[in-house]
Amino acid sequence: MSFNINKQLNAEDQESLAANAAQDTATTNDPVEATIETPVEIPVETPVETIAEPEQKFEPRVETAHDDFDWTRDKRNVAAYSKDEKAKYDSVYDNTFKQINDGEMIQATVESLTKTDAVVNIGFKSDGLISLNEFRDIPGGVKVGDIIEVMVVEKEDREGNLNLSRKSARITRAWERIVEVNKTGEIVTGLVTSKTKGGLIVDVFGMETFLPGSQIDVKPVTDYDQFVGKTMEFKVVKINEAIKNAVVSHKALIESDIEAQRAEIIGKLEKGQVLEGTIKNITDFGAFLDLGGLDGLLYITDISWGRINHPSEVLKMDQKLNVVVLDFDDDKKRISLGLKQLTPHPWDTLAENLKEGEIVKGKVVNIEDYGAFLEIMPGVEGLVHVSEITWANTPINAKEFFKLADEYEAKVVTLDKDTRKMSLSIKQMTEDPWSTIETKFPENSRHKGTVKNITPYGVFVELSTGIGGMIHISDLSWLKRFNNPNEYTKVGNEIEVVILNIDKDGRKLQLGHKQIEEDPWNSLESTFSEGSIHEGTVVKKDDKGATVQLPYGLEGYAPARHLVKEDGKTIGADEIASFMVIEFDRNDKRIVLSHTRLWEQEKEEEKQIVMKEKRAEADSTKKAVKNIQSKVEKATLGDLGILAGLKAKMDNDAASGETVVPEKVETSAADSATGAEEPKAE
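Residues numbered from 1 in each chain as written. Predicted model: local features only at pLDDT ≥ 70, side-chain atom pairs only at ≥ 80, totals over all residues. Heavy atoms only, no water.

**Student:** Could you give me a rundown of the overall build of the chain, with the residues and numbers involved?
**Tutor:** What the chain contains, in helices and strands, is 13 helices and 30 strands. Considering the chain as a whole, with its 682 residues, one finds that 31% of them fall into the buried category. In the chain, the share of contacts with a sequence separation of at least 24, taken over all contacts with a separation of at least 6, comes to 59%. Here the chain displays about 44000 Å² of accessible surface, and carbon together with sulfur accounts for 49% of that area. (Helix = DSSP H or I, 4+ residues; strand = E, 2+ residues; numbered from the N terminus. Buried < 20%, exposed > 50% of the residue type's maximum accessible area, 1.4 Å probe, protein only. Contact = heavy atoms within 4.5 Å. Areas by Shrake-Rupley, 256 points an atom, 1.4 Å probe, with all protein chains shown as cover.)

**Student:** Give a description of the pattern of salt bridges that names residues and reports values.
**Tutor:** Considering all chains together, one arrives at 17 salt bridges under this definition. Residues arginine 507 and aspartate 432 are paired through a salt bridge, measuring 2.3 Å at the closest nitrogen-oxygen approach. Here arginine 507 is found in the loop between β24 (494-503) and β25 (508-512), whereas its partner aspartate 432 is found in the loop between β20 (421-425) and α9 (437-440), with 75 residues between them in sequence. Residue aspartate 432 is classed as buried on the basis of its relative accessible area of 18%. Of the charged contacts, one joins aspartate 475 and lysine 514 as a salt bridge, the two residues approaching to 3.9 Å between their closest N and O atoms. Of this pair, aspartate 475 sits in the loop between β23 (467-472) and β24 while lysine 514 sits in the loop between β25 and α10 (521-527), and the two are 39 residues apart along the sequence. Among the residues examined, aspartate 475 registers a relative accessible area of 10% and is labelled buried. Salt bridges linked by common partners bring Glu149, Arg173 and Glu176 together as one network. (Salt bridge = Lys/Arg side-chain N within 4 Å of Asp/Glu carboxyl O.)

**Student:** For helix α6 (residues 166-184), give the residues involved together with the corresponding values.
**Tutor:** With 19 residues, α6 should reach 27 Å at 1.5 Å per residue; the first-to-last C-alpha distance of 27 Å fits that figure. Listing the buried residues of α6 in full gives Arg166, Ala169, Ala174, Trp175, Ile178, Val179 and Val181. The N-cap of α6, judged by a side-chain oxygen 3.5 Å from the amide nitrogen of lysine 167 a few residues on, is serine 165. Just downstream of α6, glycine 185 is the residue with a positive phi angle, here 75 degrees. (Expected span 1.5 Å × (residues − 1). Polar contact = N/O pair within 3.5 Å; in protein donor to acceptor, adjacent residues only side chain to side chain.)

**Student:** So what's going on with the pairing of strand β26 (residues 533-541)? Which residues, and what values?
**Tutor:** Pairing of β26 with strand β29 (residues 576-585) involves 5 bridges; the strand directions are antiparallel. When the sheet's bridge partners are listed, isoleucine 533 is paired in β29 with methionine 580. Sheet topology places β26 next to strand β27 (residues 545-549); 4 bridges connect them, and they run antiparallel. Following the sheet pairing, threonine 537 is matched in β27 by glutamine 549. (Pairing = 2+ DSSP bridges.)

**Student:** So what's going on with the environment of valine 247? Residues and values would help.
**Tutor:** One can find valine 247 in strand β10 (residues 245-249). A residue is classified by how much of its surface remains accessible, and valine 247, at 17% relative accessible area, is buried. Placed 46 residues apart in sequence, valine 247 and isoleucine 201 show a C-alpha to C-alpha distance of 9.7 Å. Not counting chain neighbours up to four residues away, the residues in contact with valine 247 comprise Phe210, Pro212, Lys235, Val236, Val237 and Lys238.

**Student:** Explain the packing of aromatic side chains to me, using residue names and the numbers behind them.
**Tutor:** Aromatic rings in a pair are described by how distant their centres are and how their planes are angled relative to each other. In total, this model carries 6 aromatic pairs according to the counting rule given. Ring geometry for tyrosine 370 versus phenylalanine 373: centroids 6.4 Å apart, planes at 90 degrees, classification edge-to-face. Classification of tyrosine 370 by relative accessible area gives partly exposed; the value is 41%. With 4.9 Å between their ring centres and 80 degrees between their planes, phenylalanine 401 and phenylalanine 402 make a pair best called edge-to-face. By relative accessible area, phenylalanine 401 is classed as partly exposed at 36%. On the basis of relative accessibility, which here comes to 1%, the residue phenylalanine 402 falls in the buried class. Ring pairs connect the aromatic residues Phe401, Phe402 and Tyr408, which therefore count as one cluster. (Phe/Tyr/Trp six-rings, centres within 6.5 Å; stacked < 30°, edge-to-face > 60°.)

**Student:** Quick one: what's the story with unusual backbone geometry, residue by residue and with numbers?
**Tutor:** The phi dihedral of aspartate 318 falls on the positive side, at around 65 degrees, and the residue is not glycine. Tracing the sequence through the fold places aspartate 318 in the loop between β13 (295-299) and β14 (320-329). Look at asparagine 444: it is not a glycine, yet its phi comes out positive at around 70 degrees. Within the secondary structure layout, asparagine 444 lies in the loop between α9 and β21 (446-455).

**Student:** Tell me about the sheet that holds strand β16 (residues 359-368), residues and numbers included.
**Tutor:** Overall, mixed pairing links the 5 strands, which are arranged β16-β17-β18-β20-β19 in a closed barrel. Going across the sheet, the axis of each strand differs from the next one's by a mean of 50 degrees, ignoring polarity. Strand direction decides the pairing type here: β16 and strand β17 (residues 371-377), joined by 5 bridges, are antiparallel. In the strand pairing of β17, valine 364 is matched with leucine 374. (Axes fitted to C-alpha atoms, helices over the stretch in contact; angles between N-to-C directions.)

**Student:** Describe in detail the sheet that holds strand β5 (residues 162-165), supporting the description with residues and values.
**Tutor:** If you trace the 5 strands once around the closed barrel, you get β1-β2-β3-β5-β4, paired in mixed fashion. Going across the sheet, the axis of each strand differs from the next one's by a mean of 50 degrees, ignoring polarity. Sitting on the sheet, α6 touches β1 (105-113), β3 (128-131), β4 (147-154) and β5, and the angle it makes with β4 is about 100 degrees.

Read these as geometric descriptors, not functional statements.
The structure is reproduced here in structure tokens:
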């Protein structure tokens, strides 16, 4: 019955039971049925108790022809192993595979190549694919059998594939190496792959690093393309752990070599020592020379004995020349160099025949307010003072007279080789015109000249080379007054003058321009007499008064209080009005005018006329009264009353200042007859 039960078990249960049976019967040849002693839970409907059998006794087994059959194998010919053997074999099986983690670096073998990828084996349950682009740095490309280092990006991606990267492995190893050499200061070799903004990209250990333009060389570099594709040595000077970025420098290697050379050179330096250098930079103030690892400054004043405006006039980049050490500082590592000191000073080699009074030719190298310096030969200069430019006393601006690089001939006035000073004169190249001034320019003679300079007080006129004088502002015009001579003439204009006075010792001429014409004030006195009225135009006005343009080009002045009109307003600029001359001064050439006086005088005249008329009427009335009184012998009471009233009225009018013509006194016919018949007095 147990045999039937075994048939109903599935294959795995049978295999397990067979393995247990084999273990129990390893030393006996008993039938399989006899080995099943422990009850087995069988999924049947009949309870276990119903299938339990009473203990049976077996007789000794009889050997048969199939006793050599291995009953430990199941029907699939799979042997059953013990737990220890199974654990042993599982361990051997598991050890054939590698346990890997994401981000792990591992050695791999190239198993095969496709058109786009390399199949690599890392000992995992599956192979990985790496793009052939990641092997471009290998000369000749990757080959089957090559052992490479890769990084496990993902053990299993979405599609269950193993994701590996050689590039990531190279970058990681390169960064570890770069960090290490940055700490140790080791020199590395890199390939300049491309140019970028501000510098170059360098491949170091398979990782891109940045080489700034300022770190390429100790000399300024303008052409970066010349370094692309070159393999150079570098020093890692800066790293950034956060973004895994590194900065390298080639200049640091050069400077370290230069520093060693510099210390050696400075240790041997002496003042006056002559060295050979190469010009590496030129500036406005001098040039820097490379003395073989050490820089020195050749200042502009030490380049040449003569004057130069910029070092580039005599020096060029990369030019080699010998220089002398003038001074050096061990602490600051500065060296001052000189070039002109290698040749004698020009003053020491000055020709012996050069003496005072000799004529020399020089070029203008410097211009100052007080004069100009002429370079006779490199390093030898003479000063032409402004007083030695021309014989005239007219002020001269040296910066307007001279121009740089212009050449002049001059006479040596003073020469001192000890102090290395020389004064020159241009005006002494010609005869002194003042020696014959009386014959060429006598007093009261007329001449034409050119306006050379204008000042607030006068005009300087040049009559001929070296001869000139000044026209005072008061001698420009008889009629007009000027605040500044600029109102009358300009520099460069031609003007006619009269010689008024000659000061030969002081080399001065007093000139006049208005003296060309007769003084019009002599004839104008009658025309512009006091009280005369003229029409004029206000040409200039201020708070104090106004300047009025009169006929014949004459100008007068009207004080502010004399500009008031009859309506109370004031005459404005450019307004035409009538003016009365209230003052005429021929000596001071002054005319004072008044517009107010005109209408004030008219009012006064009208008032006087009215007063005269009133007085005449009063006189007439008095005469009439006297005639009446003389004719009337005896006045009646009525006549007396009329006369008394008339007298009182006249007295009142006289007191008030008014004259009233008295009414005509009428007499009766009787009175007239009586008067007519009145006898003559005896």
